[in-house]
Each structure stands twice: as structure tokens, then as C-alpha cells.
Amino acid sequence: MVRRLGWALATAVPLVFLGVFFAWPVLAIVGRGFVSDGALDLSAFADVFTRSRTWRIVGLTLAQASLGTALSVLLGLPGAYVLYRCRFRGRALVRAFVTVPFVLPSVVVGVAFRALLAEGGPLGFLGLDGTFAAIVAALVFFNYALVVRIVGGMWQRLDPRAEEAARALGASPARAFRTVTLPALAPAIASAASMVFLFCATAFGVVLVLGGIRFGTIETEIWIQTTQFLDLRAAAVLSVVQLVVVAAALALAGRSRRRQERALRLRTDADTGHRLTLVARRGGGLRPGPDALPAALTAAVVVGLLGLPLAGLVVRSFRTPDGGWGLANYVNLGTTGGDNALTVTVWEATENSLRTAVDATVMAVVVGTLVALVVSRRPRRRAARRAVNLFDALFMLPLGVSAVTVGFGFLITLNRPPLDLRTSAVLVPIAQAVVAVPMVVRTVLPVLRAIDPRLREAAATLRASPGRVLATVDGPFLVRALGLAIGFAFAVSLGEFGATSFLARPDRPTLPVVIFRLIGRPGAENYGMAMAAAVLLAVLTATVMGVAERLRTKEATEW
Amino acid sequence: MTSTTRRRLARTTAATAAAALALAGCSLGGGDDGGAAADGTGSSTGGGRLTVVTHDSFHLSQDLLDQFEADTGYQLEMVAPGDGGALVNQLILTADSPLGDVVYGIDNSFAARAIDAGVLEPYTSEKLPASAEQYAADDSGSLTPVDMGDVCLNVDHRWFAEKGVPEPTTLEDLTEPAYKDLLVVTNPATSSPGLSFLLATVGAFGEDGWQQYWKDLKANGVKVVEGWSDAYYVDFSGSEGAGPRPIVLSYASSPAAEVPEGGGEPRTGAMLDTCFRQVEYAGVIAGGQNEAGAHAFIDFLLSPEVQADIPGQMYMYPVDDTVELPAAWAEHAPLAEHPFTVDPATINAHREDWIATWSDIVTG
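Note that the structure is predicted; figures quoted are calculated from it, not measured. (Residues numbered from 1 in each chain as written. Chains lettered and ligands numbered in written order. Predicted model: local features only at pLDDT ≥ 70, side-chain atom pairs only at ≥ 80, totals over all residues. Heavy atoms only, no water.)

### A closer look at the overall build of chain A
Next up, step 1: The secondary structure content of chain A amounts to 23 helices and eight strands.
Next up, step 2: Relative to the compact-globule value of 24 Å for 559 residues, chain A shows a C-alpha radius of gyration of 24 Å, a close match.
Next up, step 3: Projecting the C-alpha coordinates of chain A onto the three principal axes gives extents of approximately 65 × 65 × 45 Å.
Next up, step 4: By residue count, 60% of the 559 residues in chain A fall in the buried class.
Next up, step 5: Long-range pairs, those at least 24 residues apart, make up 78% of the contacts in chain A with a sequence separation of at least 6.
Next up, step 6: In the structure as shown, chain A presents an accessible area of about 22000 Å², 66% of it carried by carbon and sulfur atoms.
Next up, step 7: For chain A, the distance from the average position of its 57 positive side-chain charges to the average position of its 31 negative side-chain charges is 10 Å. (Helix = DSSP H or I, 4+ residues; strand = E, 2+ residues; numbered from the N terminus. Rg over C-alpha atoms; globule rule 2.2 N^0.38 Å. Buried < 20%, exposed > 50% of the residue type's maximum accessible area, 1.4 Å probe, protein only. Contact = heavy atoms within 4.5 Å. Areas by Shrake-Rupley, 256 points an atom, 1.4 Å probe, with all protein chains shown as cover. Lys, Arg positive; Asp, Glu negative; His and termini not counted. Charge placed at Lys NZ, Arg CZ, Asp CG, Glu CD.)

This is the structure we're talking about:
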């Protein structure tokens, strides 16, 4: 009885949260597009689908998201291997570094990318400015860390003995990887891929900046139709289309994940991996070692794709307004900018960001962990299993719905007592938490699911209370996965711009909001400050991720 | 698992929870009014609260806002949910349950949409300066002009001097072979200066002529990017000096921000025969809770102190021509003498058509 109540509560709390702060606003705004003069009017579908533009946009969205996902996974796998299975000096630093792009405001990334690719830029000769390739590269830039960290987190805890056994039986390294390691990683890969797909399919700012007028996506189209044209009918149809795409992607990912999922031998302590072997001595000469290829690929991505744009940003942040070099831009972070571009100093905005991120993280981790715990259970009844899968998918949806749709939805739903939150400061962390919950779920869930259910059954037969089963069986795995989840949730919140810019009160802007504002004003001083503030955001993120990792390894040694 | 590890787990969990709670407490508790604001606009009548809805570039000196609160007893609350277009659309969407009492930041390219939707309550301020009357959006007094400015093409003086090419001065010049591949502008569908520039060409060449002009511009290598910052900082050769194109879409006031530290001539200049005049308005939101406060705020925006504050804070010019401009502006950022204009009602009737046609011409 108590047990039932516990699970009911664990299901109800996240559902209410999602219902009030996501489903209701979204349904309300989409509903407006389909109701005219009090009657349901679905003619908008016909209108929108007869435009050739719509089909072009849907095609572009799918192409961009599929390519971005495929490349992120292909490049992210070697990255996960090198950064989580191999030991080398500076590993922690590289791990923290790869997460930085994930949180940078898209307007900064857009400008950084375009500065490299535009005619006259260092890579201008490639002719990539305003091309589809540039968009895909930027999507990989943003999402590489997701794959590296989610897959790496799992890989690190895989018991290496299975692969070693295969090797001992004569399997080549490639074969052992394909037949033993890859299947074990499949759920984590599917988890990461589905999330990357959602982020790519709904990427907004960077597509707008890099793609220009030729490469619209469903997301940019919803934004234009809603904020510029107030064509709610078209926006509603497009929102439905986006939901269908997202739901299909989720269903596909879920199916492939479930087929692969099984109990794994996991280690509770994070395996620190083997030494990175770049060269092997064989015969008299030196040959590339077993890790040479993945290490080279990872180095190419980290230095070329992630490093170059970020380096451009850092270099620029040291150029002073008078054209020389120095720390002037960083000194200026204590001011409100040239001609008072801001209402608060950048430091004050940083404090706002940190406060907001703490609130958002607490909410996201509580809700996300509850969801992951519920979903990690595999009930015997078929209907219950279905319900659990549906529950799982529901919490991914916030990644797949346009921030504009949610933001406009907030405006017309959370506007009357008892829930008049439109001008409240708590709305910002809530909106960020809604986005961060799927991150928490997808980080924690693969680990929980890999726990052998027999462990729980055994504990239960020994008359352990459900709470104790949770604490003793799931607990140790959960705590470690939580380090990463907290890091991600914090990072998402630090970098979130779409919903935040919509909801943040002018007197309490966050760091991405002030960066956006600084970059939108003329004057070398403001531009320099924007660059310095972006570097500050990057350093903050790397630090947060680094600390999250460190917490985890410290706990691991304690056990 | 041994009992020791269990105890450790319990301890760690408790410590984590405590830390999280402490952090959360410090965070929410540290906010000055994070919770108090939850009652929002509903209480505007009670505590003398006045909710001002603005676009996201709103900015005035804090001491002026403090002075307003002290003089009137109203407690100001600012809401800034987006740029000018998004702002108007949000007012329309929330007409049943208004976002606030008074709005500032609707410009002439969206003014007629707000007026037609009936989200504004007419009010004519006694403080309206005579020089502002010419900017009225319509005859009803639904919107009060507060400031204005010109969206103009800017040139990089140094580039033209170095190449020995005469600077272009008119829109027509830009279709000349001498200026091929030199211009970068922004997309009217996603950027407000972009829309203004499209309107400038409508004003210059008429509702029938602007398409041909854009075809010519396209043939002459105009580059279109999405946002002002990316055009100005990436593609433009002036200012930060990185880009290859010496002509960019910006504002008449931009050169004033390019005066080097310590004085001297700015590196850029505005082409004053290519400008579209943008006017920004304030208005009383229909159904708001504090009409008297809304009137007081509009009067406040028209006061000489605020009018003088506007150039430095919002890069716009006061509508009151008796107010003195900052020195750098007077010298380096004059307004256009004959800016292009299009009637707000005409803009409202055609905005979407024009943008769609423009997209076909430029992307097609």
C-alpha cells in the first residue's frame, strides 16, 4: 500500500509539473490557431500544406537534424572512448572543455562561426558561409558533448571483463568492440542520439544566423509566423507538424533502445580506464598504437571544430576598444557597458544566472529523478509497460517544442490568479527546468535500466522495504549518474536563452541575455564586452562540469 | 552492501539534499522580490503598482525612473518580452488579460496593427511637444510619439578612401557596377532594421517600383544576413573592421558610437539619402489596471529630462526638438533631412505581402 502510494506520488509530481508548465500553455496557444469565432477550424492544415515552402522547410529540418545527429554520434563515439576509457594528462580539462559549446548563446556562436567562414575570414576560402554544411557543422559543435558525455558515462562503468574475455578467446579488437561493447552501449547511444536529434530539429538561433534566408526550419518558421506575422493558424499547424516529427523520432529511438536494453554488469566505481596508447613498439620501429585512430579523430574535432571558433572568441575578447590588446573588456564587465547598454553590470547578471541555475537545477533534478525511477521499473503487465513508455516519451517533448510556442503559451495561460506568474521571477527557472528535465532523465535512466532487476528482487525477497531497495540497489548508481545530471541541468540553465529572454525581467537579466543585448548595440566597447562575457560564460560552464565530474570520482573512491 | 556503505550513502544523500536546499534557499531568498511579484498585474490597483511593457531595448537612467516613483508614488514594474513586432503581437494575444498598464516601444511599422486590434486606449498628453505632432500614428491619439531615429546605410570611410572610390550617396548608386558586392543588409522577416530598409525602398520607388530595385540590388551582389549584429560585426569592414563589405545597414546614430576614444572623427558615416524614419510610440493599454498611472508615465516620457536621456540610453532622437542632443550626436549623427516614409496603415495592409515578395526576389 505504502509502496503503491510512493510510486503514485513519484508519477504524479512530475506529471503535474509538466502539465502546468508545459502541456497546458502549449495546448492553449496551439488551440488558438485552430479555433476561429468559437468554432473548430482545421482549414489551416490545407492552407499550410499546399504551400511548397512548407514541404521544403520540413525536408530541410529533417535533413539537417538527421545529418547533425549522425555526425555527432559518429564523431562522439571515439570521443567518448578517448575521454572516458583512456587515461591521459589533462583529461578532466578536455572533458570540461567539450561541454562549453553546449551552453554558449547561439547568437555568439553564430557570430563566431560566421567570423571564421565569411568571405575574408580565416576559413573564408572554404566557401561555407551561408551553406547547409555550415549549419550542420554548428549543430555538431553544439551537440558533440551530449554524445561524448552520455555514452562516455555508460562506457566508463561497463565492466571491461566481457570485452577482455572476447579478446582472450581470439576476437580482434574491432570484433570485440562490435559484438560486446557496442551492444552494451546501444541504449546510451540511442538515448544520446534521440536527444541530439531533438536539439538539432529544433535548433533556432544558430540556424537563423548561419542559414540565413535560404535554410529555414520548422522552428524558425514558427518563430516568424508567431512573433512577426501573428499568423497563429500557420504557427499552430507547424507546431503540430513539429510534434509529429518529434514523436516519431522518439518512438523510433525508444524502440531501438528497448530492443537493446538488458541488464549489464556495471561497476559502481568509475573505471579510470587504461593508459592512452598512441604508439606501439613492434619489431624495431614505432607503429600507431590501438588508440591512435580514435585519439586523432577526437583531437581533430576538439581542436578544429570546437577549438577554432572558441579560440576566435577568446582572442577577440582581449582586443581592447582602441584596437590594442589587453584586459579592458574584462575590466568593463564591472560596468553597464558603453552608453549604459545594460541595466546591471555583467557581474550582477552572472549572479542572477547562477541563482536561477541553482533553482532550475534543483527542480529539474527532483522531477527528472522521479521520472527516471518510475521509467526504470519494468512492470509485468503489458498495459503498465506501455504506460511507462508513454510517460518516458512525454518528458522528452519539451525538447521538441518551440520556445516561442511555450513562451506565448505562458502569456495566455499563467495569467490569472491563482497562477499569475507572467511577471514573476520564478518563471525563468521553471522554464529552464522544463528543458533540463529530459537531460536529467536521459543521463540517469540508461544507468538505472542497466541495473540487474534480480538485484532488486533479491533485496525484496530479503524483506527489504521499497525505500531500502531504492537506497541500497539503485542509490549508488543513481548518485553517480546524478553528478553528470546536475552538471548538465546547471549547464542547460546557464546557457538557456530562448525561453529566458522571453520571460526574464529587465531588471534581472541572465548572462546570455546581457550578451545578446551587448552584441546588439553599436560601439567597440560593447562588442568587446560581449566577447568577454561569452568567455566568462564558457569558463563558468567548464568549471561547473569539471566540479560535477570531480564530485563523482571523489564519491567513487569513498565507496 | 555493508552497513557502513549504507550509512555512508545515507550521509552523502543527506548532505547533498541539505546542500541543495541551502543553495536553493539562498537563491530564492536572495532575490529581492522573486515571490512577491507572483501576484503580478492583478494587484496594480492596490499598491499603486504601474506595469510598463516595453521592447527589449528599453533603457532609461535609473535616477530618472527613481524620481518618477518618488514624484508619483507609483511603483514601477518593467516587462520586456521581445522586440517591437513581438511586443505588439503579445499585446494583441493577451487583450483579455493585459500584460500591463502602459506600453512603450511600438514603432511605425507595427503601429497600425496595434491600433486596429483595439488594444490601446486613446490618450493625448498635455506634455506633447509641438515638434512631435507630425509623427502621430493616426488621428485618434492611440499612440504618443516618444522618440524617433533613422535607419540608414552606413559606409566605412577608410575603405573608400583607401580604394580611391567615391562613396555612394543614394539608393540608386548601389545598383552601379562600381558598388558591386559591397553592400550587406538584413532580412526584413527577422530583423527590424531590415524591415525598415525594405520600407525605405518602398518609400523611394513606390509600391510598384521597389521590386525592380531589389532585383537590381540582387544582380549587383547585395548580401543578406539575418541580424544587425552579424551584418555589422562580421560582414562590415568598418567598426570592428573584420569584414569585407564597406556598406552596411545600420542607423543614423551609429557613427556617433564609432568616435574613437579620446575624440576625433568616426570611422563610419551614415548615407543620409537612404534613410527610413522610425518613430517609437507609447500608449495606454486597454483594460489595464492603472489608467492614471499610464497617463503619468506617458507624460514622464515626454518630459525634457527623459527626452534628453533618450539618445544616450536608447540611441534614438527625442521627439522634442527643443531638447539638446549630446555633443557627439550633434556633430557626427545628424538626422536625415528627407527620410523616406510610408503611411502606417499602408504598411499594415501590405507588410506580410511585401516580405513574402521580397523573399521570392532575393532567395529565388
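### Things to note about the pattern of salt bridges
Next up, step 1: This structure, assessed with the given rule, holds 13 salt bridges over all chains.
Next up, step 2: With its nearest N and O atoms 3.4 Å apart, the salt bridge here joins Asp47(A) to Arg233(A). Note that Asp47(A) is positioned in helix 2 (residues 43-49) and Arg233(A) in helix 11 (residues 232-260), a separation of 186 residues in sequence.
Next up, step 3: Exposure remark for Arg233(A): the relative accessible area of 29% places this residue in the partly exposed category.
Next up, step 4: Here the salt bridges share partners, and the residues they tie into one network are Arg114(A), Asp129(A), Lys223(B), Asp230(B) and Asp235(B). (Salt bridge = Lys/Arg side-chain N within 4 Å of Asp/Glu carboxyl O.)

### Side note on the state of the cysteines
All names here are of chain B.
Next up, step 1: Using the criterion set out here, one finds one disulfide over all chains in the structure.
Next up, step 2: A sulfur-sulfur distance of 2.0 Å marks the disulfide that ties Cys152 to Cys275. Negative torsions about the S-S bond denote left-handed disulfides, and the value of about 110 degrees found for Cys152 with Cys275 makes this one right-handed. Of this pair, Cys152 sits in strand 5 (residues 144-156) while Cys275 sits in the loop between strand 9 (268-270) and strand 10 (276-285), placing them 123 residues apart in sequence. Assigned by exposure class, Cys152 and Cys275 land together as buried. (Disulfide = S-S within 2.5 Å.)

### A closer look at empty space enclosed by the protein
Next up, step 1: Applying the stated criterion across every chain yields a total of seven cavities of 30 Å³ or more.
Next up, step 2: Of the pockets and cavities examined, the second largest cavity occupies roughly 110 Å³.
Next up, step 3: Lining the second largest cavity we find 13 residues, and of these Arg422(A), Phe502(A), Leu503(A), Val79(B) and Ala80(B) sit closest to its centre.
Next up, step 4: Looking at the lining of the second largest cavity, the elements with two or more residues in it are helix 21 (498-503) of chain A together with strand 2 (75-79) of chain B.
Next up, step 5: Of the residues that constitute the lining of the second largest cavity, the class distribution is 10 nonpolar, one polar and two charged. (1 Å grid on protein atoms, 1.4 Å probe; cavity = no way out; pocket = protein on both sides within 12 Å on 5 of 7 lines; lining within 4 Å. Points joined across faces, edges and corners; volume = space filled by probe spheres on them. Nonpolar A, V, L, I, M, F, W, Y, C, P; charged D, E, K, R; others polar.)

### A short note on the domain arrangement of chain B
Residues and elements named next belong to chain B.
Next up, step 1: By the assigned domains, chain B splits into domain 1 (3-148 + 278-331) and domain 2 (150-277 + 337-362).
Next up, step 2: Between domain 1 and domain 2, the contact holds 16 residues from the first and 19 residues from the second.
Next up, step 3: Seen at the junction of domain 1 and domain 2, the total is one salt bridge.
Next up, step 4: Applying the counting criterion to the domain 1 and domain 2 interface returns six residue pairs in polar contact (both at pLDDT 80 or more).
Next up, step 5: If you list the elements that add at least two residues to the side of domain 1 that touches domain 2, you get helix 4 (111-116), strand 10 and helix 11 (327-332).
Next up, step 6: A per-class count over the side of domain 1 that touches domain 2 returns 10 nonpolar, three polar and three charged. (Domains from an automatic or database assignment. Polar contact = N/O pair within 3.5 Å; in protein donor to acceptor, adjacent residues only side chain to side chain.)

### Considering the pairing of strand 5 (residues 279-282) of chain A
Residue and element names in this part refer to chain A.
Next up, step 1: Looking at chain direction, strand 5 and strand 6 (residues 285-288) are connected through four bridges and run antiparallel. Paired with Ala280 across the bridge in strand 6 is Arg287.
Next up, step 2: Between strand 5 and strand 6, which pair antiparallel and follow one another directly, the connecting turn spans two residues, one of which, Gly283, has a positive phi of 60 degrees. (Pairing = 2+ DSSP bridges.)

### A word on the environment of Trp7(A)
All names here are of chain A.
Next up, step 1: Structurally, Trp7 is set in helix 1 (residues 2-34).
Next up, step 2: Along the chain, Trp7 and Leu390 lie 383 residues apart, while their C-alpha atoms are 16 Å from each other.
Next up, step 3: In this structure, Trp7 is in contact with Leu373, Val374 and Arg377, ignoring residues within four places of it in sequence.

### What about the confidence of the model for chain B?
All names here are of chain B.
Next up, step 1: Per-residue confidence for chain B gives a mean pLDDT of 85; residues scoring 70 or more make up 87%.
Next up, step 2: Confidence over residues 12-26 falls short of pLDDT 50; this stretch has 10 contacts with residues more than four positions distant or in other chains.
Next up, step 3: Scoring the predicted complex yields pTM 0.81 and, for the interface, ipTM 0.76. (pLDDT = per-residue confidence, 0-100.)

### Quick notes on the packing of helix 6 (residues 192-219) of chain B against helix 12 (residues 344-363) of chain B
Residue and element names in this part refer to chain B.
Next up, step 1: The contact between helix 6 and helix 12 brings their axes to 11 Å, and the two run at 25 degrees. Taken together, the axes of helix 6 and helix 12 are roughly parallel relative to one another. Where helix 6 crosses over helix 12, the handedness of that crossing is left-handed. Between helix 6, through Leu195, Leu198, Leu199, Val202, Glu207, Trp210, Gln211, Trp214, Lys215 and Lys218, and helix 12, the contact on the second element is made entirely by Thr346, Ile347, His350, Arg351, Trp354, Ile355, Thr357, Trp358, Ile361 and Val362.
Next up, step 2: Split into classes, the residues belonging to the contact of helix 6 with helix 12 amount to 12 nonpolar, four polar and four charged. (Axes fitted to C-alpha atoms, helices over the stretch in contact; angles between N-to-C directions. Parallel < 35°, antiparallel > 145°, perpendicular 65-115°, else oblique. Left-handed = near helix turned anticlockwise from the far one by under 90°.)

### A word on the packing of helix 10 (residues 218-228) of chain A against helix 17 (residues 403-413) of chain A
Next up, step 1: Helix 17 of chain A packs onto helix 10 of chain A with a crossing angle of 35 degrees between their chain directions and a minimal axis gap of 8 Å. Facing helix 10 of chain A, whose interface residues are Glu219(A), Ile222(A), Trp223(A), Thr226(A) and Thr227(A), helix 17 of chain A presents Ala403(A), Val404(A), Thr405(A) and Phe408(A).

### Thoughts on the nonpolar core
Next up, step 1: Ranked by size, the top nonpolar core spans 282 residues in total, and within it Leu153(B) and Trp214(B) carry the most contacts.
Next up, step 2: Element by element, the count of residues in this core is highest for helix 18 (residues 427-449) of chain A, at 16 residues.
Next up, step 3: For this core, the two domains that each supply at least three residues are domain 1 (3-148 + 278-331) and domain 2 (150-277 + 337-362) of chain B.
Next up, step 4: In this view, Trp214(B) contacts Val185(B), Phe197(B), Leu198(B), Thr201(B), Trp358(B), Ile361(B) and Val362(B); residues no more than four positions away in its chain are not counted. (Core = buried A, V, L, I, M, F, W, Y, C linked by side-chain atoms within 4.5 Å.)

### Here we look at the packing of aromatic side chains
Next up, step 1: Using the criterion set out here, one finds 26 aromatic pairs over all chains in the structure.
Next up, step 2: Where Phe141(A) meets Phe142(A), the ring centres are 5.8 Å apart and the plane angle is 80 degrees; that geometry is what we call edge-to-face. The residues Phe141(A) and Phe142(A) share a single accessibility class, namely buried.
Next up, step 3: Ring geometry for Tyr232(B) and Phe236(B): centres 5.4 Å apart, planes at 35 degrees, overall tilted.
Next up, step 4: An aromatic cluster of at least three residues, connected via ring pairs, comprises Tyr527(A), Trp228(B), Tyr232(B), Tyr233(B) and Phe236(B). (Phe/Tyr/Trp six-rings, centres within 6.5 Å; stacked < 30°, edge-to-face > 60°.)

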